[in-house]
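The lines below spell out each chain.
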Amino acid sequence: MKMKKIFKKISDIFEKIPIISYALIAFIKTFLIAVISIAVLYLILWKTGVYAILETALDLKYNSPIVIAPIYIFLALFIISFTIGFLMYFHRYKRRKSKSAFYTAIAPAFNQKK
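Cut-off values and rules
- Residues numbered from 1 in each chain as written.
- Predicted model: local features only at pLDDT ≥ 70, side-chain atom pairs only at ≥ 80, totals over all residues.
- Heavy atoms only, no water.
- Phe/Tyr/Trp six-rings, centres within 6.5 Å; stacked < 30°, edge-to-face > 60°.
- Buried < 20%, exposed > 50% of the residue type's maximum accessible area, 1.4 Å probe, protein only.
- Helix = DSSP H or I, 4+ residues; strand = E, 2+ residues; numbered from the N terminus.
- Expected span 1.5 Å × (residues − 1).
- pLDDT = per-residue confidence, 0-100.
- 1 Å grid on protein atoms, 1.4 Å probe; cavity = no way out; pocket = protein on both sides within 12 Å on 5 of 7 lines; lining within 4 Å.
- Points joined across faces, edges and corners; volume = space filled by probe spheres on them.
- Nonpolar A, V, L, I, M, F, W, Y, C, P; charged D, E, K, R; others polar.

Student: Looking at this model, I keep getting lost on the packing of aromatic side chains. Mind explaining?
Tutor: Two measures describe an aromatic ring pair: the distance that separates the ring centres and the angle between the ring planes. Considering all chains together, one arrives at 2 aromatic pairs under this definition. Between the aromatic rings of Tyr-42 and Tyr-51, the centroid separation amounts to 5.0 Å while the plane-to-plane angle is 80°, which identifies the pairing as edge-to-face. Given the relative accessible area of 38%, Tyr-42 is considered partly exposed. Here Tyr-51 falls in the partly exposed class, since its relative accessible area comes to 23%. Both rings, one in Phe-78 and one in Phe-82, keep their centres 6.3 Å apart while their planes meet at 25°; by these two values the pair is stacked. Taken as a pair, Phe-78 and Phe-82 lie in helix α4 (residues 65-93) at a separation of 4 residues, close to a single helical turn.

Rendered as structure tokens:
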């Protein structure tokens, strides 16, 4: 019963503030895709014996640039994606009735036909 109440509260929050839902869903999807692709790549390299050669050649440690760079890249992409999603959310749901200079500058990018 407690879990149902918790899920109910979470779904109520997602309904009230949809940007949280958008950001979390996008983050979870991106994280799952990244984890699965890294796991598949690791398994392929491990089975073929290439990973052991790469590990000794690159001296992979916790502070290696090869380990830290993807973390920074993922963080930068997350911040960029969140910022763009935030702007799109406010453009769609929170804009005023009167058109501002920001709206006239960014509206053509959102209103393009595919």
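We are not done yet, so read on.
Student: Looking at this structure, how should I read helix α2 (residues 18-48)?
Tutor: Since the α-helix turns once every 3.6 residues, residues separated by three or four places project in the same direction. Here α2 contains 31 residues, and its C-alpha end-to-end distance of 45 Å stays within 8% of the 45 Å for a straight helix at 1.5 Å per residue. Buried within α2 are the following residues: Pro-18, Ile-19, Ser-21 and Ala-23. Phi turns positive, to about 85°, at Gly-49, one or two residues after α2.

Student: What is the right way to look at the confidence of the model for the chain in this model?
Tutor: Low-pLDDT stretches of the model should not have their predicted coordinates read in fine detail. Confidence along the chain averages 78 in pLDDT terms, with 88% of residues attaining 70 or more. Between the elements of the chain, mean pLDDT differs from a low of 74, seen in helix α5 (residues 101-110), to a high of 84, seen in α2.

Student: What's the story with the layout of surface pockets in this structure? I'm lost.
Tutor: Taken as a whole, the largest pocket spans an internal volume of roughly 750 Å³. Lining the largest pocket are 27 residues, with Ala-26, Phe-27, Thr-30, Ser-81 and Phe-82 positioned closest to its centre. Secondary-structure elements contributing two or more residues to the lining of the largest pocket are α2 and α4. Here the element with the most residues in the lining of the largest pocket is α4; it accounts for 16 residues. Class assignment for the residues of the lining of the largest pocket results in 22 nonpolar, 4 polar and 1 charged.

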